[in-house]
Amino acid sequence: MAVPGVCLQDFPLWSGGPTPGHFYNFPGNSKMNTGKSHTMYPSTSGTSVVGLVYDGGVMLAADSLGSYGSLARFRDVKRLFKVTDKAALACSGDIADYQFIREVIEQKVRDDVCGGYTRELNAGALHCWLTRVLYNRRSRFDPLWLECVVAGYKDDEPFLGYVDKIGTAFEAKEVATGFGLHFAVPMIREAREKKQNLSCDEARKLLTECLKVLYYRDCRAHFKYQLADITPEGVTIHDDLNLKKETNWEVANYISGYE
Amino acid sequence: MASAAVAGHSNMKSSHLASLTPQWMNSEVLTGTSIMAVEFDGGVVVGADSRTSMGTYVSNRVTDKLTRVTDRIYCCRSGSAADTQAIADIVSSHMEILEVKLGEPPLVQVAANTFKEICYNYRDMLMAGIIVAGWDKSKGGQVYTIPLGGMMVRQPIAIGGSGSTYVWGHIDAAYQPNMNQEETVDFVRKTLTLALTRDGSSGGVVRVAVITKDGVDRRVFLHNELPEFYQG
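Residues numbered from 1 in each chain as written. Chains lettered and ligands numbered in written order. Predicted model: local features only at pLDDT ≥ 70, side-chain atom pairs only at ≥ 80, totals over all residues. Heavy atoms only, no water.

A. Looking closely at the interface of chain B and chain A. Each partner contributes to the interface: chain B provides 40 residues, whereas chain A provides 37 residues. Between chain B and chain A, roughly 3,500 Å² of surface is buried when both sides are summed, and carbon and sulfur atoms account for 51% of that area. Here chain B and chain A share 1 salt bridge between them. A salt bridge links Lys244(A) to Glu228(B); the shortest N-O distance between them is 3.6 Å. Linking chain B with chain A are 16 residue pairs in polar contact (both at pLDDT 80 or more). For the side of chain B that touches chain A, the secondary-structure elements that each account for two or more residues are helix H1 (15-18), strand S5 (57-60), helix H3 (81-102), helix H6 (181-198) and strand S13 (215-221) of chain B. Broken down by element, the residue count for the side of chain B that touches chain A peaks at 4 residues, all from S5(B). Considering only residue class, the side of chain B that touches chain A consists of 11 nonpolar, 19 polar and 10 charged. (Contact = heavy atoms within 4.5 Å. Buried area = accessible area lost by both parts, 1.4 Å probe. Salt bridge = Lys/Arg side-chain N within 4 Å of Asp/Glu carboxyl O. Polar contact = N/O pair within 3.5 Å; in protein donor to acceptor, adjacent residues only side chain to side chain. Helix = DSSP H or I, 4+ residues; strand = E, 2+ residues; numbered from the N terminus. Nonpolar A, V, L, I, M, F, W, Y, C, P; charged D, E, K, R; others polar.)

This is how it looks when you write it as structure tokens:
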């Protein structure tokens, strides 16, 4: 269809419209063509989060480290927080994005209280809402670089859910992010095979064991951690826990050289 | 294969490009590490952490990075685990033959120079940062550092590995010449603890070896017994 001596640019299809052979940026989608894009990679990030459902509640644990690449930069970062009496949230991934979403959720809870809503935000609703937010951001190529675990109660049933930066979401009885998926989840499943319903103490010991193994095997893990226990009575967060003294390094005495 | 930066580790800015290939293909086994050696009157103290990482996975949390070259010469290895093990084996074998020829233990300087020959001549193919330290009867305790390009220099105190970046300031401020043996061991233990708590590629226990004319005294400071510093 090319006419010699005349080029296509002389005949635009319609002003401001698409040019054949070129990318077209749809109007209203400012994220694509302005130079401003953030979170295509995480900067300060948190590592695994582990959660499990036990007989009488749900438990969540996360360590307190913000890693700046390989530097253990911020060693007292709180990655776990209480949303309402029925829900707690912990995130791994970019800490700035976690702080952002935490403030949005806290404002949401405040709005509910001020608006006189009698129905408190529960874990199932939070999980659903978070999935939609994260999926929407991903669809606009501006993700919140997070892997979240939502724990709590939904209509008197214990609830534990996972949401991803690309909008993957599911519920399960044991959930973890990052390295936790590879180490902690099999450990929890093995314990459940032996005993279906774990008690509160057993659950806590199991979670601590999981975090210990993660501290051994994950380069980005730290020995200070937080643990949240959600029961029908409410949410208790244990801060400033330290597992360094419980770690076992005896095997180091038996190794000499590399052969 | 991704060209890694000095003595390991992840450049977070390259992570979005690295997602084009699976991470296990880019992560050779590295001793991203904290190592150091200090001379004192009568010998040397060498120390290292014990973490070997493959990407962000700790493949060995109790590694021994203090490798025997001869009875009185040890080397601390950082960089690629395979490269440094191969080089250490070669130099150790050369020193064994040399000992038979000379009828006496080889000098630390000779071992260090042998390391340097290999690290320099094959510099484009290797990723090895090595600290050679030991005792011999001609110059007493000596520490030689051989960083990535294959240069060699003798220093009273040498640090290396990815964790060393966090303790340059500390050694500048806290190192005193003419410490005795126990003070030197304590200094090495404190410095390595500071390095390994900040560096994600270092961790585990602190292994220390004291080399004097009487032999080698190996010690391990288990992780839960390390000194505590500011935890912010």
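Text resumes after the structure shown.
B. Just helix H2 (residues 95-114) of chain A, in detail. All names here are of chain A. For H2, with 20 residues, the first-to-last C-alpha span of 28 Å sits near the 28 Å given by 1.5 Å per residue. For H2, the complete set of buried residues consists of Ile95, Asp97, Tyr98, Ile101, Ile105 and Val109. Down the axis of H2, the buried side of the element spans an arc of 150 degrees, and every buried residue falls inside it. Seen from the buried face of H2, the exposed residues on the opposite side, beyond 90 degrees, are Glu103 and Cys114. At the N-terminal boundary of H2, the capping side chain belongs to aspartate 94, with an oxygen 3.4 Å from the backbone nitrogen of alanine 96. Of the residues one or two after H2, glycine 116 is the one with positive phi, at around 75 degrees. (Expected span 1.5 Å × (residues − 1). Buried < 20%, exposed > 50% of the residue type's maximum accessible area, 1.4 Å probe, protein only. Arc of directions from axis to C-beta.)

C. Representation of the sheet that holds strand S2 (residues 35-40) of chain B within the structure. Residue and element names in this part refer to chain B. Spatial ordering of the open sheet is given by S11-S2-S3-S12-S13, a layout of 5 strands whose pairing is antiparallel. Edge positions in the sheet fall to strand S11 (157-160) and S13, since each has one partner strand and no second. Averaged over all neighbouring strand pairs, the angle between strand axes comes to 15 degrees, with direction disregarded. In the sheet, strand S3 (residues 43-48) pairs with strand S12 (residues 206-212) via 6 bridges, with the strands oriented antiparallel. (Pairing = 2+ DSSP bridges. Axes fitted to C-alpha atoms, helices over the stretch in contact; angles between N-to-C directions.)

D. Structural context of the nonpolar core. Residues and elements named next belong to chain A. Counting 25 residues, the largest nonpolar core has Val50, Leu52, Met59, Leu207, Leu211 and Leu227 as the members making the most contacts within it. For this core, the elements supplying multiple residues, two or more each, are strand S2 (49-54), strand S3 (57-63), helix H4 (179-194), helix H5 (200-217) and strand S12 (224-231). The biggest single contributor to this core is H5, with 7 residues. The contacts of methionine 59, once residues within four sequence positions are left out, are Val50, Gly51, Leu52, Tyr54, Cys200, Ala203, Arg204, Leu207, Leu227, Ala228 and Asp229. (Core = buried A, V, L, I, M, F, W, Y, C linked by side-chain atoms within 4.5 Å.)

E. View of the sheet that holds strand S11 (residues 174-176) of chain A. All names here are of chain A. Across the sheet, 5 strands lie side by side as S11-S2-S3-S12-S13; this open sheet has antiparallel pairing. Strands at the two margins of the open sheet, each flanked by one partner only, are S11 and strand S13 (234-242). Across the sheet, the axes of successive neighbouring strands diverge by a mean angle of 15 degrees, strand direction being ignored. Relative to S12, S3 runs antiparallel, the two being bridged by 6 bridges. Note on S12: the bridge partner recorded for methionine 59 is aspartate 229. Contacts from H4 reach S2 and S11 within the one sheet, and its direction differs from that of S11 by about 165 degrees.

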